[in-house]
Amino acid sequence: MRVTAKLSGGEGFVTALVMCERRRHIFRVSTGSAELDTLLGGGIESMAITEVFGEFRTGKTQLSHTLCVTAQIPNDTGTYTGGKASHMYLFNFCKVIFIDTENTFRPDRLRAIADRFNLEQEAVLDNVLYTRAFTSEHQLEILDYVAAQFHEEPGIFKLLIVDSVMSLFRVDFSGRGELADRQQRLAQYLSRLQKISEEYNVSIFITNQMTADPGATMSFQADPKKPIGGHILAHASTTRVSLRKGRGETRIAKIYDSPELPENEATFAITAGGIADAKE
Ligand code: ATP
Ligand code: MG
């Protein structure tokens, strides 16, 4: 029997066998830290949305920068494990799109991270398409461009980063009574992201902020801080990871919600060369 693994969405039913064939193409992008990769079951998964959230300076943007580089290093098994590549030459078949809503992308950071992995700086930078979103509406429109790019160069793009996913929605829908509208637009945005991740087999990495739960102090909750975006974002993200500060430059990641990963923790470090394992 012939199994056609058509990757386009919206064609109605497919058999479980076809699904299986599709999912065989899933790859993972290394975070730069072996311990964090293990926590994530091997790295940032394709055909899925991985969300990290945490307070300021917990490393969300630094992780985004690191992934821009590690996504460009394929190994022999077809997974994208940064630093373990046998060949040090980059070809332009592993590209990344970075959508920045906070103006915190620093291309020079990629140079230092490229150095760590012995990669040619210019080649690494040349494979990262960067754009800045200024409003939530703009953030939505950019996905048309993203889909067009992915369509034009099939199989080339491995990773799409949105740093951060909620900040513009938060600004644009900050008034009283606007929450329902915000969540509706957010749902549209996330459903498009999901579709793109599956249709083009890319990893989607989004960062998110936290908020203090106003009811938490009243109820003496142990963990009063929650990611923003409500149940819409909770359901859209395949894997949710919380980040918190550890000693010095170390950070602790914890699986917050995942269909297949246990609720473990991992410690990593933010270094000049990007995210790495913490030294004992
Ligand atoms: P925010 O919520 O404000 O966006 P964030 O989670 O994105 O925060 P990052 O900007 O990723 O936080 O992390 C900031 C941390 O990264 C700081 O603790 C800083 O010391 C560290 N850092 C930034 N650049 C470097 C570098 N070149 N070398 C080592 N550490 C760095
Ligand atoms: Mg940041």
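Note that the structure is predicted; figures quoted are calculated from it, not measured.

Calculation rules
Residues numbered from 1 in each chain as written. Chains lettered and ligands numbered in written order. Predicted model: local features only at pLDDT ≥ 70, side-chain atom pairs only at ≥ 80, totals over all residues. Heavy atoms only, no water. Helix = DSSP H or I, 4+ residues; strand = E, 2+ residues; numbered from the N terminus. Contact = heavy atoms within 4.5 Å. Core = buried A, V, L, I, M, F, W, Y, C linked by side-chain atoms within 4.5 Å. Buried < 20%, exposed > 50% of the residue type's maximum accessible area, 1.4 Å probe, protein only. Near = heavy atom within 4 Å. Polar contact = N/O pair within 3.5 Å; in protein donor to acceptor, adjacent residues only side chain to side chain. Areas by Shrake-Rupley, 256 points an atom, 1.4 Å probe, with all protein chains shown as cover. Pairing = 2+ DSSP bridges.

## Comments concerning the environment of G155
Note that G155 resides in the loop between α6 (136-152) and β6 (157-163). Remark: the alpha-carbon pair of G155 and K95, spanning 60 residues in sequence, is separated by 9.3 Å.

## Re the side chain of T50
In this structure, T50 sits in strand β3 (residues 48-54). Residues contacting T50, with those up to four places away along its chain left out, are I44, E45, I204, F205, I206 and T239.

## Some words on the nonpolar core
In terms of nonpolar packing, the biggest core is built from 34 residues, with L36, L67, C68, I161 and F205 touching the most fellow members. Taken together, the elements giving at least two residues each to this core come down to α2 (34-39), α3 (60-70), β4 (95-100), α4 (107-116), β6, β10 (239-245), β11 (250-257) and β12 (265-271). Per-element accounting of this core gives the leading share, four residues, to α3. Residues within four places of I161 in sequence aside, it is in contact with S64, L67, C68, V96, I97, F98, I99 and F205. Of all hydrophobic cores here, the second largest spans 31 residues; its members include V162, F169, L193 and I228.

## Quick notes on the site of ligand 1
Neighbouring ligand 1 are 15 residues, the closest being R57, K60, T61, Q62 and R251. Contact distances for ligand 1 include 3.2 Å between an oxygen atom and a backbone N or O atom of T58. In this structure, a nitrogen atom belonging to ligand 1 sits 3.3 Å away from a side-chain N or O atom of R109. When ligand 1 sits alone it has 650 Å² of accessible area, and the protein chains cover 70% of it. Listing elements by their share of the shell around ligand 1, those giving two or more residues are α3 and β12.

## Looking at the pairing of β11
Here six bridges tie β10 to β11, and the two strands are oriented antiparallel to one another. Within the sheet, the bridge partner assigned to V241 lies in β11 and is I255. Between β10 and the antiparallel strand that follows it, β11, lie four residues; G248 among them carries a positive phi value of about 55°.

## Here's the deal with the pairing of β10
Within a regular beta strand, the side chains point alternately toward one face of the sheet and then the other, so they alternate between its two faces. Most of β10 is tucked away: five of the seven residues are buried. Of the pairings in the sheet, the one linking β3 to β10 comprises five bridges and is parallel in character. Each residue of the ladder has a partner; that of E51, found in β10, is R240.

## Thoughts on unusual backbone geometry
Residues D163 and S164 are joined by a peptide bond in cis, for which omega reads 0°. Structurally, S164 can be placed in the loop between β6 and α7 (167-172). Even without being glycine, M47 reaches a positive phi, approximately 60°. Relative to the elements of secondary structure, M47 occurs in the loop between β2 (44-45) and β3. Residue classification places M47 among the buried positions, given a relative accessible area of 10%. A positive phi angle is found at R57, which is not glycine, with a value near 65°. Relative to the helices and strands, R57 is located in the loop between β3 and α3. The exposure class assigned to R57 is exposed, which follows from its relative accessible area of 60%.

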